[in-house]
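Understanding the architecture of this molecule
Okay, here's what each chain looks like letter by letter:
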Amino acid sequence: MNNWLLTLLIDSARASVCGRQVGECRYFKPVLSIALNGGGEAAGNQASTSEPSRGRASRDRTAKAEEQAGERSGGRLYLIAVLSKSGAFVFVTRADLLIGCPAEKVLPAIERCTVESIDQPRGDRVMRLQFAAKKGTAPRGSNFSLLLTLYGREGSAVIYDGDEPLDGVQRPNSRAGIPRPALAPPFSTISETVLCSMLRSDAGVPGLDQRLRKMFAGDSPEQAAAKLISFRDSVSSGARRIHVLAAGNPADAAPVPEPAGDAGQADGISGPFADVLSAAETIGRALVESELAKRIADGLKPAGSFIAKKRSLLEKLLAEHQAAAQHDGLRKRAETLAAYQSLVPPGTSTIELPDPYGSGKPIVIELDPAHPIHAQVQKLFKKASKLKRSLRFLQMKIEHLQALIGDLERRRDTIAADKNVTHALDALEKLRMEYQIPVRTHGRAAAGPAEKTYRRFDLGPMWFVFVGRNNRENDELTFRAAAPSDYWMHAQQAAGSHVILKSKGGKGNPSEAVLEAAAGIAAYYSKAKHSSIVPVICTLRKYVRKPRKAKPGAVHCSQVKTIFAEPRLPDKQDK
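Residues numbered from 1 in each chain as written. Predicted model: local features only at pLDDT ≥ 70, side-chain atom pairs only at ≥ 80, totals over all residues. Heavy atoms only, no water.

Observations regarding the sheet that holds strand β19 (residues 463-467)
Defined as follows: What makes two strands pair is DSSP finding at least two bridges between them. Secondary structure elements are defined from DSSP: runs of H or I of at least 4 residues count as helices, runs of E of at least 2 residues count as strands, and each element is numbered from the N terminus. Between the N-to-C directions of two axes lies an angle of 0 to 180 degrees, each axis being a line fitted to C-alpha atoms and, for a helix, fitted only over the stretch in contact. Only heavy atoms enter the contact rule, under which two residues are in contact if any of them lie within 4.5 Å.
If you walk across this open sheet you meet the 6 strands as β18-β19-β21-β20-β22-β25, and the pairing is antiparallel. The strands lining the two open edges of the sheet, one partner per strand, are β18 (455-459) and β25 (561-565). Each strand axis lies, on average, 25° off the axis of its neighbour in the sheet, ignoring direction. Bridging between strand β22 (residues 534-540) and β25 involves 5 bridges; their strand directions are antiparallel. Counterpart to P535 in the pairing with β25 is F564. Each of β18, β19, β20 (487-491), β21 (499-503), β22 and β25 touches helix α12 (residues 512-524); the most contacted strand, β25, lies at about 75° to it.

In structure tokens:
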């Protein structure tokens with residue numbers, strides 16, 4: 001994201017974002033959506049009275065009250081970060097752009113915290129949100145900060161507790177989450193004298209887009225610096241309407257002067273916008289729409305490969321059908337050879353014989369000198385009969401394959417045109433399961449959670465579990481979604497769900513409390529859920545294997561330990 005545009009965005013969004021309470025944070029790669037409820041103080045005071053032990057109905061009433069309080073205080077905002085490999089971007093909007101997406105809940109540590117400040121550390125392409133927690137919600141919440149890193153190959157979002165990384169998405173342990181020192185004063189704060197000096201030496205200025213710089217290339221360094229500073233100050237003060245140049249990658253869009261006439265539109269300049277917030281939102285919405293479309297397109301690639309394979313098979317069947325359609329000619333050669341076999345000398349490889357049907361044209365027959373003529377006559381009759389029998393079977397297979405390809409292409413095109421991401425992904429999953437289309441990435445089975453929503457429970461800020469809903473999903477979850485180092489659990493000697501305990505990116509082993517909570521979930525989703533204590537086996541996923549020809553859900557595991565757990569779910573349920 002352009003450094004100067006980020007500065008303008010932060011300055012413009014500060015009044016509307018600060019004081020708001022963080023709601024649900026959701027991530028549908030590469031889009032991160034952070035809900036910011038209006039009326040942070042009122043909502044926060046009410047939320048702080050909610051204890052983990054309260055019932056679901058009470059929690060629902062509290063959530064509804066928080067939402068109503070937010071609406072009375074200006075409604076809800078969404079801070080959207082597009083953490084894309086093609087370029088990161090951030091903006092603020094009042095619309096939930098991930099509605100209808102099977103987005104994953106993330107960053108639970110900052111939920112119900114209030115945004116205390118928002119700034120740009122060291123003038124770099126990083127947005128920092130500092131939080132203040134309400135009493136009783138997070139002991140050290142006042143030290144929580146969220147860094148949105150918007151440079152490099154892809155952006156990241158990392159929560160820090162003081163200086164310690166706590167949680168994040170995209171690259172939670174990357175050094176990209178730590179602000180780097182600016183190599184030069186940013187364009188938003190640089191003086192005219194320093195800018196003039198830099199223009200003379202052709203030094204780079206953070207935020208001064210090269211395309212903007214070229215617009216004043218015909219002037220002397222003094223004149224260019226004066227015009228650039230005047231343009232910057234008029235934009236920063238709101239005295240000038242915003243135009244942005246987004247040629248190439250929209251994520252790199254930068255403010256530029258208003259174009260003369262209509263010539264600027266062809267150069268990728270868009271506008272005018274009333275303010276920087278609306279300019280950033282327009283660019284951001286287009287980026288989100290593009291990224292969601294990419295998710296669907298990427299999901300359709302295996303279906304495209306599957307269709308290509310079916311088309312290749314269809315071509316082979318059509319060639320076989322064409323060969324089988326020649327059975328009458330083959331039988332005719334067999335009958336001709338049978339009629340004149342006494343005239344064929346031994347050891348002949350090719351012979352021309354009169355047509356017994358009176359066409360007047362000789363019939364050329366290829367022979368095998370190593371075999372007697374009567375044996376070759378029988379072979380020709382047998383092959384002709386076989387081709388005639390296969391003709392109807394081949395026709396049926398061709399018609400079936402043509403119908404299958406037509407259905408696949410029709411459904412693929414419908415999914416590609418569907419603007420509702422949930423509908424598209426659901427239809428894609430049904431298509432994949434119906435036709436058993438393999439989903440692979442770089443030769444390995446693709447992980448399930450990125451394309452499909454499993455039953456999920458968060459166990460603190462660093463751990464969560466996936467739970468299978470049936471035998472088929474148990475297999476998929478264990479052998480496709482789970483990594484070898486994930487923890488695998490199942491109720492001992494009782495039918496039930498496979499439970500996978502996964503880390504959110506941190507290092508180290510789960511605590512006993514986390515293991516017991518995960519075991520409690522495995523016990524709850526088993527036939528033994530009505531027992532007071534249930535033995536649950538636990539091992540690493542790499543020690544779980546599927547016996548040959550075993551039914552879905554059946555596995556064999558080794559190096560297990562037993563955890564005795566009470567069948568129960570965490571307070572925040574995701575059934």
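What to know about the pairing of strand β7 (residues 126-132)
As paired elements, strand β6 (residues 114-119) and β7 share 5 bridges and run antiparallel to each other. Counterpart to T114 in the pairing with β7 is A132. Two successive antiparallel strands, β6 and β7, enclose a turn made up of 6 residues, where R122 displays a positive phi of approximately 60°. In terms of strand pairing, β7 meets strand β8 (residues 144-149) through 5 bridges, oriented antiparallel. The partner of V126 across the bridge, within β8, is T149.

Thoughts on the nonpolar core
Note the cut-off: What makes a nonpolar core is a set of buried Ala, Val, Leu, Ile, Met, Phe, Trp, Tyr and Cys residues whose side-chain atoms join them at distances within 4.5 Å. Buried means the residue's accessible area, taken with a 1.4 Å probe over protein chains only, is under 20% of the maximum for its type, while exposed means over 50%, and partly exposed covers the values in between.
Grouped together as the largest cluster of nonpolar side chains are 119 residues, with contacts concentrated most on L32, V90, M127 and L195. At 15 residues, the largest contribution of residues to this core is made by helix α7 (residues 276-324). Once residues lying within four places of it in the same chain are set aside, the contact partners of M127 are L6, L9, I10, L79, V90, I118, D119, L146, L147 and L148. By size, the runner-up hydrophobic cluster in this structure holds 26 residues, among which are V467, I521, V536 and A565.

Comments concerning the side chain of T93
The line we're drawing: In protein, a polar contact means a hydrogen-donor-capable atom and an acceptor-capable atom, both N or O and within 3.5 Å, with residues adjacent in sequence counting only if both atoms are side-chain atoms; elsewhere, any N or O pair within 3.5 Å suffices.
Structurally, T93 can be placed in strand β4 (residues 87-93). In terms of polar contacts, T93 uses its side chain to reach the backbone amide nitrogen of A95, at 3.2 Å. Reaching out from T93, the side chain makes a polar contact with the side chain of E281 at a distance of 2.6 Å. Those residues within four positions of T93 in sequence are excluded, and the remaining contacts are L77, Y78, I80, E281 and R285.

Here's the deal with the packing of aromatic side chains
Applicable threshold: Any two rings among Phe, Tyr and Trp, with Trp reduced to its six-membered ring, count as a pair given centres within 6.5 Å; such a pair is stacked if its planes are under 30 degrees apart, edge-to-face if over 60, and tilted if neither.
Counted by the stated rule, this structure contains 5 aromatic pairs. Centroid distance W4 to F231: 5.7 Å. Interplanar angle 75°. Geometry classified as edge-to-face. Of the two residues, W4 sits in helix α1 (residues 3-17) while F231 sits in helix α6 (residues 221-237), which places them 227 residues apart along the sequence. The same class applies to W4 and to F231, which are both buried. Centroid distance Y524 to Y525: 5.1 Å. Interplanar angle 80°. Geometry classified as edge-to-face.

A short note on α1
Which entries qualify depends on this criterion: Given the number of residues in a helix, its expected span is that number minus one, multiplied by 1.5 Å.
With 15 residues, α1 ought to run about 21 Å at 1.5 Å a step, and its terminal C-alpha atoms sit 20 Å apart, in line with that. Residues of α1 that are buried include every one of N3, W4, L5, L6, T7, L8, L9, I10, A13 and V17, and no others. Measuring from the backbone nitrogen of W4 back to the side-chain oxygen at the start of α1 gives 3.1 Å, which picks out N2 as the cap. Just beyond α1, the residue with positive phi is G19, at close to 90°.

A few points about unusual backbone geometry
Residue K29 is joined to P30 through a cis peptide bond whose omega torsion reads 5°. With respect to the helices and strands, P30 occurs in the loop between β1 (21-28) and β2 (31-37). Although it is not a glycine, L107 adopts a positive phi angle of roughly 50°. Even without a glycine there, the phi angle at Q493 is positive, about 55°. Secondary-structure assignment places Q493 in the loop between β20 and β21. Residue Q493 is classed as exposed on the basis of its relative accessible area of 84%.

As for the pattern of salt bridges
The line we're drawing: Definition used for salt bridges: Asp or Glu carboxyl oxygen within 4 Å of a side-chain nitrogen of Lys or Arg.
Using the criterion set out here, one finds 19 salt bridges in the structure. Across the salt bridge formed by D407 and R411, the nearest N and O atoms sit 3.3 Å from each other. Of this pair, D407 and R411 both sit in helix α9 (residues 373-417), 4 residues apart, which is roughly one turn of the helix. Of the two residues examined, D407 and R411, each falls in the buried class. Salt-bridge contacts for D413 lead to R412; the nearest nitrogen and oxygen are separated by 3.5 Å. For R412, a relative accessible area of 25% gives the class partly exposed. When salt bridges that share partners are traced, they join E24, R26, D96 and K105 into one network.

Digging into the sheet that holds strand β13 (residues 269-273)
Spatially, the 3 strands line up as an open sheet ordered β12-β11-β13, and their pairing is antiparallel. On the outer flanks of this sheet lie β12 (254-256) and β13, each paired with one strand and no other. In this sheet, neighbouring strand axes are inclined to one another by 40° on average, regardless of whether the strands run parallel or antiparallel. Summarising the sheet, strand β11 (residues 242-245) and β12 pair through 3 bridges and their orientation is antiparallel. Each bridged residue has a counterpart across the sheet, and for L245 the counterpart in β12 is A254. Contacts from α7 reach β11 and β13 within the one sheet, and its direction differs from that of β11 by about 35°.

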